[in-house]
Amino acid sequence: MNDETIVQLLWDRKEQGLENMSAKYENYCFSISCRIVNDKEDAKECVNDTWLNAWNSIPPNRPHNLAGYLAKLVRNISINCYNKKHTFKRGGDNITVALDELSECIASGSRVEENLELKLLTDTIAKFLAAQDMTKRWIFLQRYFYLAEIKEIADRLDMKEGTVKSVLCRMRKQLKKWLAKEAIYL
Amino acid sequence: MIKKEELLLHAIGNLPEEIVAQEDIDALKIGARQLKQEERKNKLIYISRCMAAAAACITALIISVNVFYKPDSNKPDESILYSKIHSDTDSHTDHNKASVEKICQCLCNGH
């Protein structure tokens with residue numbers, strides 16, 4: 001089943017859409033999550049949360065690229081899971097745990113200014129990536145969006161790890177200049 | 001307070017779906033080949049720069065030796081001194097010749 005049909009089914013609130021989506025994208029989402037949380041059980045949980053999030057967010061959202069949409073959902077859910085796990089692993093020092101608990105009370109997790117800042121930063125990075133050629137963009141996203149290991153990226157492209165590292169290094173320097181040009185100082 | 005790296009990670013996580021969607025791996029491999037060539041070119045440029053820098057260092061060293069190290073003009077040339085003294089001492093005995101050679105050496109070494 002193609003993505004448009006799946007989105008339409010979800011839009012119409014039909015569970016068949018959810019079943020087809022999970023059948024088609026389960027391995028894809030699981031591999032993304034597994035790279036981040038590094039635990040099969042946690043990854044499974046994150047993938048299930050992803051289906052729930054997709055079900056709740058379509059509508060109002062109507063993604064044009066379902067794979068990308070799900071990748072974003074599962075990535076962010078997995079990073080939250082990783083952060084939570086590590087907060088408790090750190091020995092659960094009271095302040096960190098308390099702050100983490102309190103952060104759930106804040107409406108969207110951040111202030112308006114922070115949201116605007118984040119939006120501006122996202123737009124700037126998107127422009128930067130759009131200006132790069134396809135392979136470089138893919139390498140950057142594999143490393144910093146999908147959080148893949150350098151060896152994995154190099155193997156998939158039949159490249160040496162050193163080449164991937166130097167491409168990433170040059171891109172980070174370029175991004176730094178790009179952000180400065182757009183008057184974003186981190 | 002969000003850390004800067006976390007902010008960047010968040011921002012990358014919010015990129016539009018069209019950008020983050022996986023691309024066709026075959027097309028990417030063609031791009032990877034070009035990247036490898038580019039990388040080789042960069043390495044060659046780096047090596048040639050290193051070689052140019054090394055050549056410049058050697059040239060600078062040679063020039064500085066020529067400029068700052070002048071052979072002492074007052075120092076007598078050993079061979080001229082020998083021939084001069086030998087011509088004067090042809091009639092001397094071997095013992096004297098040996099003494100003269102010793103003196104020549106001492107003179108040349110600046111003693």
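Asker: Mind showing me how you'd approach the overall build of chain A here?
Answerer: Looking only at helices and strands, chain A features nine helices and zero strands. Scanning chain A from its N terminus toward the C terminus, one meets helices and strands in the order α-α-α-α-α-α-α-α-α. Burial analysis of chain A (186 residues in total) assigns 42% to the buried set. A sequence separation of at least 24 residues applies to 59% of the contacts in chain A between residues at least 6 apart. As displayed, chain A has an accessible area near 10,700 Å², and 52% of this comes from carbon and sulfur atoms.

Asker: Just checking my understanding: could you explain helix 7 (residues 134–144) of chain A for this structure?
Answerer: Helical geometry note: an α-helix holds 3.6 residues per turn, so side chains three or four residues apart project in the same direction. Residue and element names in this part refer to chain A. In terms of residue burial, helix 7 counts as a mostly covered element, since nine of its 11 residues are buried. All of the buried residues along helix 7 are T135, K136, R137, W138, I139, F140, L141, Q142 and Y144. You can read the cap of helix 7 off the contacts: a side-chain oxygen lies 3.1 Å from the backbone nitrogen of T135, and it is on D133.

Asker: Sorry if this is basic, but what is going on with the interface of chain B and chain A here?
Answerer: For an interface, size is often stated in terms of accessible area lost upon the parts coming together. The interface is formed by 30 residues belonging to chain B together with 40 residues belonging to chain A. Across the chain B to chain A interface the summed buried area is about 3,500 Å²; carbon plus sulfur atoms make up 66%. Linking chain B with chain A are three salt bridges. Residue K72 of chain A is joined to E17 of chain B by a salt bridge in which the shortest nitrogen-to-oxygen separation is 3.5 Å. If you look at where chain B meets chain A, you find eight residue pairs in polar contact (both at pLDDT 80 or more). Listing elements by their share of the side of chain B that touches chain A, those giving two or more residues are helix 1 (4–13), helix 2 (17–20) and helix 3 (25–68) of chain B. Ranked by the residues each element gives to the side of chain B that touches chain A, the list is headed by helix 3 of chain B, at 11 residues. Here the side of chain B that touches chain A is built from residues that sort into 16 nonpolar, six polar and eight charged.

Asker: Could you clarify how one ought to interpret the packing of aromatic side chains in this entry?
Answerer: Where two aromatic rings form a pair, the distance of their centres and the angle of their planes describe that pair. Residues and elements named next belong to chain A. On inspection of all chains with the given rule, the structure shows five aromatic pairs over all chains. Centre to centre, the rings of F145 and Y146 are 4.9 Å apart; their planes meet at 70°, and the pair counts as edge-to-face. Each member of the pair, F145 as well as Y146, carries the same accessibility label: buried. One aromatic cluster is present, built from ring pairs that chain together F128, F140, Y144 and W178. Stacked on the ring of F145, the Lys or Arg R75 has its end atom at 4.9 Å from the ring centre.

Asker: What is the right way to look at the packing of helix 7 of chain A against helix 9 (residues 161–181) of chain A in this model?
Answerer: How two helices sit against one another is set out by the angle between their axes and by the gap between those axes. Residues and elements named next belong to chain A. Relative orientation of the contacting elements helix 7 and helix 9 amounts to 90°, with a least axis distance of 10 Å. Between helix 7 and helix 9, the angle is such that the two are roughly perpendicular. Here helix 7 contributes K136, R137, I139, F140, R143 and Y144 to the contact with helix 9, which in turn contributes V164, V167, L168, M171, R172 and L175.

Asker: Just to check I follow, could you spell out the environment of P59 of chain A for this structure?
Answerer: All names here are of chain A. Tracing the backbone shows P59 in the loop between helix 3 (40–57) and helix 4 (66–89). Its relative accessible area of 27% is what places P59 among the partly exposed residues. In this structure the C-alpha to C-alpha distance between P59 and L10, which are 49 residues apart in sequence, comes to 7.5 Å. Each residue touching P59, except ones within four places of it in the same chain, is listed here: L10, W11 and R13.

Asker: Explain the pattern of salt bridges to me, please; I cannot follow it from the model alone.
Answerer: Here the idea is simple: oppositely charged side chains can pair when their charged atoms come close. Residue and element names in this part refer to chain A. The tally for this structure, following the rule as stated, stands at eight salt bridges over all chains. Linking D123 and K119 is a salt bridge whose minimum nitrogen-to-oxygen distance equals 3.1 Å. Pair noted here: D123 and K119 are both in helix 6 (residues 112–130), with a separation of four residues, about one helical turn. Judged by relative accessible area, which is 33%, D123 ranks as partly exposed. Across the pair K151 and D155 runs a salt bridge whose closest N-O atoms are separated by 3.1 Å. Of this pair, K151 and D155 both sit in helix 8 (residues 150–156), four residues apart, roughly one helical turn. Classification of D155 as partly exposed rests on a relative accessible area of 45%.

Criteria and thresholds
- Residues numbered from 1 in each chain as written.
- Chains lettered and ligands numbered in written order.
- Predicted model: local features only at pLDDT ≥ 70, side-chain atom pairs only at ≥ 80, totals over all residues.
- Heavy atoms only, no water.
- Helix = DSSP H or I, 4+ residues; strand = E, 2+ residues; numbered from the N terminus.
- Buried < 20%, exposed > 50% of the residue type's maximum accessible area, 1.4 Å probe, protein only.
- Contact = heavy atoms within 4.5 Å.
- Areas by Shrake-Rupley, 256 points an atom, 1.4 Å probe, with all protein chains shown as cover.
- Polar contact = N/O pair within 3.5 Å; in protein donor to acceptor, adjacent residues only side chain to side chain.
- Buried area = accessible area lost by both parts, 1.4 Å probe.
- Salt bridge = Lys/Arg side-chain N within 4 Å of Asp/Glu carboxyl O.
- Nonpolar A, V, L, I, M, F, W, Y, C, P; charged D, E, K, R; others polar.
- Phe/Tyr/Trp six-rings, centres within 6.5 Å; stacked < 30°, edge-to-face > 60°.
- Lys NZ or Arg CZ within 6 Å of the ring centre and 35° of its normal.
- Axes fitted to C-alpha atoms, helices over the stretch in contact; angles between N-to-C directions.
- Parallel < 35°, antiparallel > 145°, perpendicular 65-115°, else oblique.

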